[in-house]
Amino acid sequence: MTIAIGSDMDATILKVAVEELQKRGHEVLPFGRLLTAEAPWPKVGMEVAEAVVRGHADQGIVFCWTGTGVSMAANKVKGARAALCWDAPTAAGARQWNDANILAMSLRYTSEEMLKEILNAWFSNTPSTEEEDQACIRYLKEMDA
């Protein structure tokens, strides 16, 4: 699976995330501070989201200090469903009930251990097949049209 990943800031947890993704067999498509010194969070969020929506990446991961800014920016892109996740149950729910395609995390609060738990939950869950959940996702897609 190809994962677009980006951050507005250089941080140890960003490097750990890239290494963890590669260790899990994913191809990493870098954005933001992984490529350049100038990486404003709105640009990073939108570039990762565009990569996902256009099919250049299967899913995306974005980081900023709180995770809020990049998730807001990513969600401006039609077809992006970015979820700010601070723990594994939130990540599992975002994938199951919201069919989230972009994971947003905080550089400040995400520890290495928590990152691995969040990634485990994110990648081990798939979208729900329950009609109620599917109807909500269809509604979001209609709003994008």
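Just above, that's the structure.
Thresholds applied
Residues numbered from 1 in each chain as written. Predicted model: local features only at pLDDT ≥ 70, side-chain atom pairs only at ≥ 80, totals over all residues. Heavy atoms only, no water. Pairing = 2+ DSSP bridges. Helix = DSSP H or I, 4+ residues; strand = E, 2+ residues; numbered from the N terminus. Axes fitted to C-alpha atoms, helices over the stretch in contact; angles between N-to-C directions. Contact = heavy atoms within 4.5 Å. Expected span 1.5 Å × (residues − 1). Buried < 20%, exposed > 50% of the residue type's maximum accessible area, 1.4 Å probe, protein only. Arc of directions from axis to C-beta. Lys, Arg positive; Asp, Glu negative; His and termini not counted. Salt bridge = Lys/Arg side-chain N within 4 Å of Asp/Glu carboxyl O. Patch = residues over 30% accessible without salt bridge, like charges linked within 9 Å, V, L, I, M, F, W, Y side chains within 5 Å. Areas by Shrake-Rupley, 256 points an atom, 1.4 Å probe, with all protein chains shown as cover. Parallel < 35°, antiparallel > 145°, perpendicular 65-115°, else oblique. Left-handed = near helix turned anticlockwise from the far one by under 90°. Nonpolar A, V, L, I, M, F, W, Y, C, P; charged D, E, K, R; others polar.

(A) Fine view of the sheet that holds strand E1 (residues 2-7). Pairing in this open sheet of 5 strands is parallel, and the strands run E2-E1-E3-E5-E4 from one edge to the other. Edge positions in the sheet fall to strand E2 (27-32) and strand E4 (82-84), since each has one partner strand and no second. Direction aside, the axes of adjacent strands within the sheet are offset by 20° on average. Looking at chain direction, E1 and E2 are connected through 6 bridges and run parallel. Looking across to E2, one finds that Thr2 is bridged to Glu27. Packed onto the sheet, helix H1 (residues 12-23) meets E1, E2 and strand E3 (59-64) and runs at close to 175° relative to E1.

(B) Expanded view of helix H2 (residues 41-53). Taking 1.5 Å per residue, 13 residues should reach 18 Å; H2 reaches 18 Å between its end C-alpha atoms and fits that length. Three or more residues of H2 are buried, namely Val44, Gly45, Val48, Ala49, Ala51 and Val52. Buried residues of H2, seen end-on, are gathered within an arc of 160° and therefore sit on one face of the element. Of the surrounding elements, those touching the buried residues of H2 are E1, E2, E3, helix H3 (68-74) and strand E5 (102-106).

(C) Seen up close, the side chain of Asp8. Within the secondary structure, Asp8 sits in the loop between E1 and H1. Arg33 provides the closest opposite charge to the buried, salt-bridge-free Asp8, at an N-O distance of 7.9 Å. Beyond its immediate chain neighbours, meaning those up to four positions away, Asp8 contacts Arg33, Ala39, Pro40, Trp41, Val44, Phe63, Cys64, Trp65 and Leu107.

(D) Molecular detail of a nonpolar patch on the surface. On the surface, Tyr139, Leu140 and Met143 cluster together into a nonpolar patch covering about 330 Å² of accessible area. Counting through the fold element by element, Met143 comes out in helix H6 (residues 131-144). According to the relative accessible area criterion, Met143 is exposed, its value standing at 52%.

(E) View of H1. When the terminal C-alpha atoms of H1 are compared, their 16 Å separation across 12 residues agrees well with the 16 Å that a helix rising 1.5 Å per residue should span. Of the positions making up H1, those classed as buried are Ile13, Leu14, Val16, Ala17, Val18, Glu20 and Leu21. The inward-facing, buried residues of H1 contact E1, E2, E3 and helix H5 (112-124). Within two residues after H1, Gly25 carries a phi angle of roughly 90°, on the positive side.

(F) Structural detail: the pairing of E3. For E3, the tally of buried residues reaches 6 of 6 residues, placing the bulk of the element in the interior. Burial along E3 is two-sided: Gln59, Ile61 and Phe63 facing one way and Gly60, Val62 and Cys64 facing the other are all buried. Pairing analysis gives 5 bridges linking E1 to E3, with the strands arranged parallel. Looking at E3, one finds that Ala4 is bridged to Gly60.

(G) Region of interest: unusual backbone geometry. We note that Asp99 has phi near 45°; this positive angle belongs to a residue other than glycine. Locating Asp99 in the fold gives a position in the loop between helix H4 (88-98) and E5.

(H) Region of interest: the packing of H1 against H5. Look at H1 against H5: their axes get within 10 Å of each other, and the N-to-C directions meet at 40°. Accordingly, the angle class assigned to the pair H1 and H5 is oblique. When you trace H1 past H5, the crossing you get is right-handed. Across the interface between the two elements, Ile13, Val16, Ala17, Glu20 and Leu21 of H1 pack against Glu112, Leu115, Lys116, Leu119 and Phe123 of H5. Residue composition of the contact of H1 with H5, by class: 7 nonpolar, no polar and 3 charged.

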